[in-house]
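Descriptive structure summary
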2 protein chains.
Amino acid sequence: MATATSSSLTAACAPSLSAHSSASSASEHLTCSSPFAKFSGLKLVSSSSTASHFFQHQNQHNKRSHGSRKAQCVRASTVDLVSVVEKSINAIRFLSIDCVEKANSGHPGLPMGCAPMGHILYDEIMKYNPKNPYWFNRDRFVLSAGHGCMLQYALFHLAGYDSVKEEDLKQFRQWKSSTPGHPENFETPGVEVTTGPLGQGICNAVGLALAEKHLAARYNKPDATIVDHYTYCIVGDGCNMEGVSNEACSLAGHWGLGKLIVFYDDNHISIDGDTAIAFTENVDQRFEALGWHVIWVKEGNTDYDAIREAIAKAKEETERPTLIKVTTTIGYGSPNKANTYSVHGSALGAKEVDATRKNLNWSHEPFCVPEDVKGHWSRHVKLGAQHEAKWQADLAAYEKKYPQEAAEFKSLISGEFPAGWAEALPKYTPESAGDATRNLSQACLNALAKVLPGLLGGSADLASSNMTLLKMFGDFQKDTPTERNLRFGVREHGMGAICNGIALHGSGLIPYCATFFVFTDYMRGAMRISALSEAGVIYVMTHDSIGLGEDGPTHQPIEHLASFRAMPNMLMLRPADGNETAGAYKVAVENRKRPSTLALSRQKLPQLAGTSIEGVEKGGYIISDNSTGNKPDLIIFGTGSELEIACKAADVIKKEGKTVRVVSLVCWELFEEQSAEYKESVIPAGVSARVSVEAGSTFGWNKYLGYKGKAVGIDHFGASAPAGILYKEFGITVENVVAKAKEVM
Amino acid sequence: MATATSSSLTAACAPSLSAHSSASSASEHLTCSSPFAKFSGLKLVSSSSTASHFFQHQNQHNKRSHGSRKAQCVRASTVDLVSVVEKSINAIRFLSIDCVEKANSGHPGLPMGCAPMGHILYDEIMKYNPKNPYWFNRDRFVLSAGHGCMLQYALFHLAGYDSVKEEDLKQFRQWKSSTPGHPENFETPGVEVTTGPLGQGICNAVGLALAEKHLAARYNKPDATIVDHYTYCIVGDGCNMEGVSNEACSLAGHWGLGKLIVFYDDNHISIDGDTAIAFTENVDQRFEALGWHVIWVKEGNTDYDAIREAIAKAKEETERPTLIKVTTTIGYGSPNKANTYSVHGSALGAKEVDATRKNLNWSHEPFCVPEDVKGHWSRHVKLGAQHEAKWQADLAAYEKKYPQEAAEFKSLISGEFPAGWAEALPKYTPESAGDATRNLSQACLNALAKVLPGLLGGSADLASSNMTLLKMFGDFQKDTPTERNLRFGVREHGMGAICNGIALHGSGLIPYCATFFVFTDYMRGAMRISALSEAGVIYVMTHDSIGLGEDGPTHQPIEHLASFRAMPNMLMLRPADGNETAGAYKVAVENRKRPSTLALSRQKLPQLAGTSIEGVEKGGYIISDNSTGNKPDLIIFGTGSELEIACKAADVIKKEGKTVRVVSLVCWELFEEQSAEYKESVIPAGVSARVSVEAGSTFGWNKYLGYKGKAVGIDHFGASAPAGILYKEFGITVENVVAKAKEVM
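Note on numbering: residues in each chain are counted from 1, in written sequence order. Labels are handed out in written order, letters beginning with A for the chains and numbers beginning with 1 for the ligands. Restriction of local features to residues with pLDDT of at least 70 applies here, the model being predicted, together with a cutoff of 80 or more for giving and counting side-chain atom pairs; totals for whole chains, interfaces and linings are based on all residues. With hydrogens and water stripped out, all remaining heavy atoms of the structure feed into the side-chain values.

1. A word on helix α11 (residues 304-316) of chain B
Here α11(B) spans 19 Å end to end across 13 residues, near enough to the 18 Å set by a 1.5 Å rise per residue. Taken across its 13 residues, α11(B) has eleven buried, putting it largely inside the fold. Each helix corresponds to a stretch of at least 4 residues labelled H or I by DSSP, and each strand to a stretch of at least 2 residues labelled E; elements are numbered beginning at the N terminus. A helix is expected to reach a length of 1.5 Å times the quantity of its residues less one. Relative accessible area decides the class of each residue, using a 1.4 Å probe on protein chains only: under 20% of the type maximum gives buried, over 50% gives exposed, and in between gives partly exposed.

2. Things to note about the pattern of salt bridges
All names here are of chain A. A side-chain nitrogen of Lys or Arg and a carboxyl oxygen of Asp or Glu constitute a salt bridge if their distance falls within 4 Å. One pass over the structure, following the stated rule, counts 81 salt bridges over all chains. Across the salt bridge formed by Arg357 and Asp98, the nearest N and O atoms sit 3.2 Å from each other. On the criterion of sequence distance, the pair formed by Arg357 in helix α12 (residues 350-359) and Asp98 in helix α3 (residues 81-103) is long-range, its members being 259 residues apart. The buried category is assigned to Asp98, whose relative accessible area is 6%.

3. Things to note about the interface of chain A and chain B
Two residues qualify as a contact provided that any one of their heavy atoms is within 4.5 Å of a heavy atom in the partner residue. Listed by partner, the interface residues are 100 residues for chain A and 100 residues for chain B. Put simply, buried area is the surface a 1.4 Å probe can reach on two separate parts but cannot reach once they are joined, added for both. Across the interface of chain A and chain B, roughly 8,000 Å² is buried in total on both sides, 58% from carbon and sulfur atoms. One can count ten salt bridges joining chain A with chain B. One salt bridge in this structure joins Arg173(B) and Asp551(A), with 2.6 Å as the shortest N-O distance. Here a polar contact is taken to be a pair of N or O atoms separated by no more than 3.5 Å, where protein atoms must pair a possible hydrogen donor with a possible acceptor and residues adjacent in sequence count only if both atoms sit in side chains. In this assembly, chain A and chain B are joined by 54 residue pairs in polar contact (both at pLDDT 80 or more).

4. Describing the environment of Ala719(A)
Along the chain, Ala719(A) falls in the loop between β21 (710-712) and α27 (723-729). Considering only alpha carbons, one finds Ala719(A) and Gly552(A), 167 residues apart in sequence, at a separation of 4.6 Å. With residues near it in sequence (within four places) discarded, Ala719(A) still touches Gly549(A), Gly552(A), Pro553(A), Gln556(A), Leu726(A), Phe730(A) and Trp175(B).

5. Brief notes about the UniProt feature "binding site: thiamine diphosphate" (unreviewed entry) in chain A
Residues and elements named next belong to chain A. UniProt positions are given in the numbering used here, feature names are shortened, and annotations may be inferred rather than shown by experiment. Here the UniProt-annotated "binding site: thiamine diphosphate" (unreviewed entry) positions come out as His147, Gly196, Pro197, Leu198, Gly238, Asn267, His344 and Phe519. Across 373 residues, the annotated set is spatially dispersed, with a maximum C-alpha separation of 34.2 Å. Mapped onto the elements, His147 comes out in the loop between β2 (140-143) and α5 (149-159). Classification of His147 by relative accessible area gives buried; the value is 13%.

6. Observations regarding the relation of the copies chain A and chain B
In screw terms, the move from chain A to chain B is a rotation of 180° and a rise of 0.0 Å along the axis, fitting with an RMSD of 0.0 Å. This pairing of chains is accounted for by a two-fold axis. Taken as a fraction of all interface residues of chain A, those also at the interface in chain B reach 100%, which identifies the copy contact as same-surface. Least-squares superposition of the copies uses the C-alpha atoms of those residues scoring a pLDDT of at least 70 in each of them.

7. Observations concerning the pairing of strand β20 (residues 690-693) of chain B
All names here are of chain B. Residues of β20 alternate between two faces, with Arg690 and Ser692 on one and Val691 and Val693 on the opposite face, all of them buried. Only strands joined by at least two bridges in the DSSP assignment are considered to pair. Bridging between β20 and strand β21 (residues 710-712) involves three bridges; their strand directions are parallel. Bridging across to β21, Val693 finds its partner in Val712.

8. Some remarks on unusual backbone geometry
Residues and elements named next belong to chain B. Phi at Arg173 is positive, roughly 65°, even though this residue is not glycine. By secondary structure assignment, the location of Arg173 is in the loop between α6 (166-169) and α7 (200-219). A positive phi angle, close to 65°, is found at His268, a residue other than glycine. Here His268 is to be found in the loop between β4 (260-266) and β5 (269-270).

9. Description of the sheet that holds strand β12 (residues 510-516) of chain B
All names here are of chain B. Spatial ordering of the open sheet is given by β11-β10-β12-β13-β15-β14, a layout of six strands whose pairing is parallel. Each edge of the open sheet carries a strand with a single partner, namely β11 (485-487) and β14 (571-573). The mean angle between the axes of side-by-side strands here comes to 20°, regardless of whether they run parallel or antiparallel. For strand β10 (residues 455-459) and β12, the ladder comprises five bridges, and the chain directions are parallel. Across the sheet, residue Leu456 finds its bridge partner in β12, namely Pro511. As a rule, the C-alpha atoms of each element are fitted with a line to give its axis, helices using only the stretch in contact, and angles between N-to-C directions run from 0 to 180 degrees.

10. Looking at the packing of helix α16 (residues 437-451) of chain A against helix α21 (residues 578-590) of chain A
Residue and element names in this part refer to chain A. With their axes 9 Å apart at the nearest point, α16 and α21 run at an angle of 50° to one another. One way to sum up the angle between α16 and α21 is to call them oblique. As for how α16 packs across α21, the hand of that crossing is right-handed. Contacts between α16 and α21 pair Thr437, Leu440, Ser441, Cys444, Leu445 and Leu448 from the former with Gly578, Thr581, Ala582, Tyr585 and Val589 from the latter. Residues of the contact of α16 with α21, tallied by class, amount to seven nonpolar, four polar and no charged. Here the word oblique covers every angle except those under 35 degrees (roughly parallel), over 145 (roughly antiparallel) and from 65 to 115 (roughly perpendicular). Handedness of a crossing is defined here by the sense of rotation of the near helix relative to the far one, left-handed for an anticlockwise turn of less than a right angle and right-handed for a clockwise turn. Amino acid classes used here: Ala, Val, Leu, Ile, Met, Phe, Trp, Tyr, Cys and Pro are nonpolar; Asp, Glu, Lys and Arg are charged; the rest, including Gly, are polar.

If you want it as structure tokens, here you go:
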């Protein structure tokens, strides 16, 4: 079925074999992005020429016939490109083998199988500047099968990235190296996103491609293009088994992300052995069902032309994303371990390394890159600078014609916020009408969208419950890509991972996404990657407690606040009213290198006296206190919807002649970052009578309650009933807080 | 594409219209499972008869032509079945409408659209015993689109389940009712699994079907069948968007679960409106790619015969699971709200209820079931008893022929464990060879599999890392269904949800599943449902800390222990050595109503003095103490791989003349359940000098550390480097524990 429906490649080139002698100089290639550029692009000419030799490969395993074609842009006619390509591909394989061997840890199998597509991408196809890996208009590449990161490091090394020099290769998987065991964007310039947990990378790639499509639609003009790049990705069988990839790929098809080109490393081996034991679906057909253009390269180890031609065809297809299934051999070249799971995640071992060297006729020392390979790749530094310079010139020309758009675009991609943006946040007094924080959140989002051109986002099919629609914008869709409301469907995990890609596009976009707070359980994999990879995604999580009522325990978060408070680099914010919601957004927007999760109520809440944006920025602060000095009889902590209960309980106790302080602990992480003096000023060590109230797990509250304090919370699952009854039955009441307070005072 | 490849139904029946007059008595139907039974099964005869009238439906919306056929088993020839079916379907619709209206909360849209398939399933197709919802050999039904639970409650009510009487319907979504807002297996006998979070139910259904296939293969004989049921499921657009459903459905196709029949309520509406905004993939084609048999019922609101015929065809297909796409109208019957998102999750409102009553010609009072409908359904109580009695007779006959198998089978489905099973658990002394707890876990699994016939499970493509293979068994595969190693592929979330289905099959199966601990982030949605729905799944989670080393921070859990300790009804166990691993398994096996998560090391650990199975059963216990009385100078807490560090630090401090107690807090939940006396005996309130050591987040440790104690842990992400270096750099060392101890003593 797949074979019949895929675009099966019938190669149209049969060049004669011809050898060339001397190494090319970088300058010889400068006016052409690569010696294969025109081939790699769209223009293929059928007459033969010397250049056609470049597309010949000598590997005897390749039995396929070839037609002839002409590459029009070649000046380096003196280099034996056929040979150097083969050597370069083997250099990638052996750098990978050698690094894993030295570390005695790692995954050589994928780089050995994917070296051809890696080489073709980085040497012939992609636009990038190795000396400025953050150049805006670069083509993006994501190794979704992140365990094969040596592929990427080897390519960076060859291409001249400063992040991976020879000494870095030798430090593969070592403490503080720039070559960690999986690709980490925060460790290795050139790595776009953190991958490793399978399936995340392809979703990030969807986000990167979405960002490109959106910005291109917003800023490009018929006579001036300033946003124009492809997003490439390599996925393995593992990524394709993960549900999260199906979610994002369904959206990629729906959105028509025609500049997303994904290579599927179809090697039939996963850690447990042959994929036949667990993965017999028809992947091609599934991707076609998702609206993708599917191409099959049947011999991905050696048929480089087929890979090139597939890329050309993928670029011709502008309406649909393309999956290029490349059938490869894991551990290609290893005579005894290729095509087995043993080469997936372990060093080959000295004996097998030797055998592989012999088999691939590789006589070079470990870590050695042959001079002709070095010479061949050396042009990329200059070429990259030229790409960037050309783009800067284009941008300057654009600026002359479209100064206003250019100003916005430049500001956006610089990551700056427009001056005074935070003034747009709504302000409230205790007299303002009460409202659910999910509605107050919508007011913030809509206010911010007017002043922050990078803000865009949406919900996993709960826009009308999460209150996340930007009213002044339409939906981002295939044919309306300038719009800023994203419709993710019921795909929480894919949503989060796509937002990571948008955030890490590095173009000033500020993605937010939304669902019910309890369904963070579905997307925690992506949320942790936000935190780890410094992606400032804003997670708008409504229906944040039993306060949602009748939908019952599957929909009522209990342990979720605690679970995110425990997660490094995640800001967990639970605002109580309008001012705190505004404060939460101020924090979330400003934190571009860490994600924020906003827990918001379904139910209506009053505007409280004492809340403030500034308070939220400190994470914890005094809402009210009728004591003098810094020694009230009691401290009551509250967050979110229960801050009202804390205030009311305080009023009851105050009436009995006690001094009571109410503290909002809206964001524990921010509070912990305050000075010791500030923290002592809010929670004096000398006050041991403390009570907390929060409609969630009490787990973790001991930190602030000290040895004597008591927590009012819920350490069991919720139930289906009206919210008011649940609060009462579960003891999240003023009466209970007062009772607990009396126990500790 | 879908239309061409789906089994498009061409109806072959065109019975003449004939009315019947009186209500059927239950006894008239007793020898036949339902008036439609033969039709609903496989035997269709083409000649016409009175019975063929039963398959006629009068709805004028149905424009499709019909052939003629004969149902062979009908005695209730005097009832107007055509009319009563129509009435019954409308009764389901109006019970749903009325309950949602009374609660002013709920989801009427799905039950109104799915009433026909619901009616046909519960009245004509399924084998069940309403007075014993736990009868082993019942057909299973899962409403994956759980928000539509009124469909299920209405059907239970009509069928005579004691769990849903009229007063229960009137308590829909109220405190302590048996009709909560989403289906909860622990609230409502008859509900097989807890659904609500979209996508879970279909995965549970895959698990139920797997359990049936496995047990049927193990116990049925050519001349005696004791395990034989179908698993039916209704999914909506939302379930089909969720990645988790793709994971499980890919496995269902791979495993050839031919007795799984899934109805896709294709109504084109989700909460955000028309699914065209986010869901334009070709679902039929995707399921075909997953190896499913796909049938399309084009008019699911009214073409009941097409639904019946689809089920018959689904039953004919024994090699592949079947997806019956039933195109319906959400809120069918509501003149102004049908086919809109407004009918998805809100009460219709009094005015629209009236309009719908008029439109469907429904003159009955709210909650009223017409007498003829009651009469029609009344046979199910007796019929169900007959089904069960027949099965009991079959089982008795089986027992005579196969006493040994029968004994095992009966013991298994009773949930009993074989006497002395726990004796099989390995025991260790400090002199025993040290090992990684993942390897010690494998020893337990393999020892237990010999004595526990219900134990089966596997890994998400990490069997050789998680060490989860049962060596005496092969792989459960399509053609080897008796085997007990499950190969889940890289599908963590689907794996967990499938295991919930296996556990809740109620047949004594004890499912375990495995991945790296950090990837619980991918499957937390399913793990929470295990905890909520009392599914005793064993989660075998290896590589439980930075101790995994070079794979780096994406693979190193930090906050995960805390996040599960905060989750209600989840046992989070982190054993330190062989005895504690055995103890963890003893606890996990015995807890059939709550899941256990075992955090296990990748790295080798010593066998410690003082550890024991009995200690683990108490959750926390004293490993060593050189004090007399109950007042050591210091308590050091440790878990898992860091218990060794705790012991070594204690040794250092003891040498300085202090008394030190080491406490293993292997399972906080179990420890909290001990008596106050026991807890005080382990952690005396009078000892304030306390230190904990655990290679994970310190979040939550304050609970045991009191006001003065200090935690040694990791509150940031890990890094890629050899494990030993990470322990040193992150301060998880004997030296650091000793230093902290001196600070607090």
